[in-house]
Amino acid sequence: MEGIVLALGGGGVRGSAHTAVLDVLTEARIPIAGLAGSSAGALAAATYAFGITVHHNDLSEWLKDPELERLQKTGALYQVTRLVDFVRRPYLAEGSKIRQGYRTLFGERRIEESPIPLVIQACDFNTGELVMLRAGPVSEALAASSAVPSIFPPVEWHGRLLVDGDVAEKVPVTAAKALQAGPIVAVDVSNRVVPSEPKSALEAALQAGEASRRRLLSMALSQADVVISLAADPPIETFDYTKADLAYQLGRKRAEEALPRIEQLLARPTSSSKPWWSRFAQPKPQTSKSNPVTHQPKSQKQHHP
């Protein structure tokens, strides 16, 4: 039986659904041949790849940011991020507690040491290029992959400024395909789109950018073999830490619904003339520590409008 490659997208607290999907696949004994993650999906991918077991509620507690939690509870987060005066400060929170949480979880572990092929997706802040991190400290790669622009500061990585991988591709299907380890199962934890009329020029610009990202997301998901969508109704806000368990339970439900499709996918004969396991007998590609990133071929680079 050939294994699947999971592409896990970002979504803050909704990332608890990724843990649920991984739990359901493990219980069903679905082999996982590779993992690609962005933002919250990168955290879920890395913990699974390194065999780190943490309850989703505990994980949420470790990684919550006190500044964002305060703004979320008062209802100010949505408003603050849309104030024109906000441009005087480049980001809302330092994210130091979250980065400390990553270091506590992963210590000195490096991506290239992962027992399961792993790629953590980030985005070049200056070019919009999708950046696939295949080597380097896991904790720093996760900080880069989850550095939401305007919320957290960019992370410097070997002379580049990296931000949330979702900026380049909301669900890292391209990164998953780059692993060349099996059919792709994409997990999209985005909220449903609620059509609304913009109330200001700033909101109109923000909504236009969001529409462009949704289009890119649709193009990425069309390349996956199976797509699991969270489709939370009502929506679960990105930094509403009280909804972590709700996201987990909904993720379990969606994964269980998708199991028959995944099992059918694995039952299909492979087009390769070689047995699937022969790929894993090859030496793992080594990336220089001086520049531990993988780029897309120039003709396939993705740019964020």
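Everything discussed here concerns the structure shown above.
This one's a predicted model, so the numbers in the text were calculated from it and none came from an experiment.

S.K.: Give a detailed account of the overall build of the protein, specifying residues and quantitative values.
M.R.: A tally of regular secondary structure across the protein gives 10 helices and 9 strands. In the protein, which comprises 305 residues, the share counted as buried stands at 51%. Long-range contacts, defined as pairs at least 24 residues apart, comprise 79% of the intrachain contacts of the protein with a sequence gap of at least 6. When the accessible surface of the protein is summed, it comes to about 15,000 Å², and 54% of that surface belongs to carbon and sulfur atoms.

S.K.: I'd like a rundown of the pairing of strand E6 (residues 160-164), residues and numbers included.
M.R.: In terms of burial, E6 is largely enclosed, as 4 of its 5 residues are buried. Looking at chain direction, strand E3 (residues 118-124) and E6 are connected through 3 bridges and run antiparallel. Residue Cys-123 lies in a different strand from E6, and its bridge partner there is Val-163. Of the strand pairs in this sheet, strand E5 (residues 155-157) and E6 are connected by 3 bridges, and their pairing is antiparallel. The residue of E6 that forms the bridge with Val-155 is Leu-162. The antiparallel hairpin formed by E5 and E6 contains 2 residues in its connecting segment, where His-158 sits at a positive phi of about 50°.

S.K.: Describe the packing of aromatic side chains, listing the residues and the values that go with them.
M.R.: All chains considered together, the criterion is met by 1 aromatic pair. On the basis of an interplanar angle of 75° and a centroid distance of 6.4 Å, the ring pair of Phe-50 and Phe-106 is categorised as edge-to-face. Here Phe-106 lies in helix H6 (residues 96-106) and Phe-50 lies in the loop between helix H2 (40-49) and helix H3 (56-63), a separation of 56 residues in the sequence. Its relative accessible area of 1% is what places Phe-106 among the buried residues.

S.K.: If you had to explain the pairing of strand E7 (residues 184-188) to someone new, which residues and values would you point to?
M.R.: Most of E7 sits inside the fold, with 5 of its 5 residues counted as buried. The alternating pattern of E7 places Ile-184, Ala-186 and Asp-188 on one face and Val-185 and Val-187 on the opposite face, and all of these are buried. Strand direction decides the pairing type here: strand E1 (residues 4-8) and E7, joined by 4 bridges, are parallel. Of the residues in E7, the one forming a bridge with Val-5 is Ile-184.

S.K.: Before we move on, could you go through unusual backbone geometry and cite the residues and values that matter?
M.R.: The linkage connecting Asp-233 with the following residue, Pro-234, adopts the cis geometry, with an omega of 5°. Residue position: Pro-234 is located in the loop between strand E8 (226-229) and helix H10 (244-267). Despite not being glycine, Gln-180 has its phi angle at roughly 50°, a positive value. With respect to the helices and strands, the residue Gln-180 is situated in the loop between helix H8 (173-178) and E7. Classification of Gln-180 by relative accessible area gives exposed; the value is 63%.

S.K.: Go over the pattern of salt bridges, please, and point to the residues and values.
M.R.: Going through the model one piece at a time under the given rule, you end up with 9 salt bridges. A salt bridge links Arg-110 to Glu-112, with the shortest nitrogen-to-oxygen separation between them at 2.6 Å. The residue Asp-124 makes a salt bridge to Arg-160 at a minimum N-O spacing of 2.7 Å. Here the residue Asp-124 occupies a position in strand E3, and Arg-160 occupies one in strand E6, the gap between them amounting to 36 residues. Neither residue differs from the other here; Asp-124 and Arg-160 are each classed as buried. Through salt bridges with shared partners, a single ionic network connects Glu-27, Arg-252 and Glu-256.

S.K.: Requested: an account of the nonpolar core, with residues and values cited.
M.R.: If you look at the biggest cluster of nonpolar residues, it comprises 63 residues, and the most contacted ones within it are Leu-6 and Ile-262. For this core, the element with the most residues is H10, which contributes 9 residues. Excluding residues within four positions of it along the chain, Ile-262 makes contact with Ile-4, Leu-25, Ile-30, Val-185, Val-226 and Ile-228. Judged by nonpolar contacts, the second largest core, of 23 residues, contains Val-5, Val-119, Cys-123 and Val-167.

S.K.: Let's hear about the environment of Phe-106: which residues, and what values?
M.R.: Sequence separation between Phe-106 and Ile-52 is 54 residues, and the spatial gap between their C-alpha atoms is 8.5 Å. In contact with Phe-106, not counting residues within four places along its chain, are Leu-43, Ala-46, Thr-47, Phe-50, Ile-52, Val-138 and Leu-142.

S.K.: Pulling in residues and values, what's your account of the environment of Phe-152?
M.R.: Secondary-structure assignment places Phe-152 in the loop between helix H7 (138-145) and E5. The buried category is assigned to Phe-152, whose relative accessible area is 8%. A sequence separation of 59 residues divides Phe-152 from Ala-93, and the C-alpha atoms of the two residues are 5.4 Å apart.

S.K.: I'd like to hear about the side chain of Ser-190, residue by residue, with values.
M.R.: With respect to the helices and strands, Ser-190 occurs in the loop between E7 and helix H9 (201-221). Separated by 2.6 Å, the side chains of Ser-190 and Asp-188 make a polar contact. If sequence neighbours within four positions are ignored, Ser-190 has contacts with Arg-14, Lys-170, Leu-217 and Ala-231.

S.K.: Quick one: what's the story with H10, residue by residue and with numbers?
M.R.: Residues lying three or four places apart along an α-helix face the same way, a consequence of the helix completing one turn every 3.6 residues. When the terminal C-alpha atoms of H10 are compared, their 34 Å separation across 24 residues agrees well with the 34 Å that a helix rising 1.5 Å per residue should span. Along H10, the helix axis deviates most sharply at Leu-259, where the bend reaches about 40°; the proline Pro-260 sits within four residues downstream.

Parameters and conventions
- Residues numbered from 1 in each chain as written.
- Predicted model: local features only at pLDDT ≥ 70, side-chain atom pairs only at ≥ 80, totals over all residues.
- Heavy atoms only, no water.
- Helix = DSSP H or I, 4+ residues; strand = E, 2+ residues; numbered from the N terminus.
- Buried < 20%, exposed > 50% of the residue type's maximum accessible area, 1.4 Å probe, protein only.
- Contact = heavy atoms within 4.5 Å.
- Areas by Shrake-Rupley, 256 points an atom, 1.4 Å probe, with all protein chains shown as cover.
- Pairing = 2+ DSSP bridges.
- Phe/Tyr/Trp six-rings, centres within 6.5 Å; stacked < 30°, edge-to-face > 60°.
- Salt bridge = Lys/Arg side-chain N within 4 Å of Asp/Glu carboxyl O.
- Core = buried A, V, L, I, M, F, W, Y, C linked by side-chain atoms within 4.5 Å.
- Polar contact = N/O pair within 3.5 Å; in protein donor to acceptor, adjacent residues only side chain to side chain.
- Expected span 1.5 Å × (residues − 1).
- Bend = angle between axes of the 7 residues up to and from the residue.

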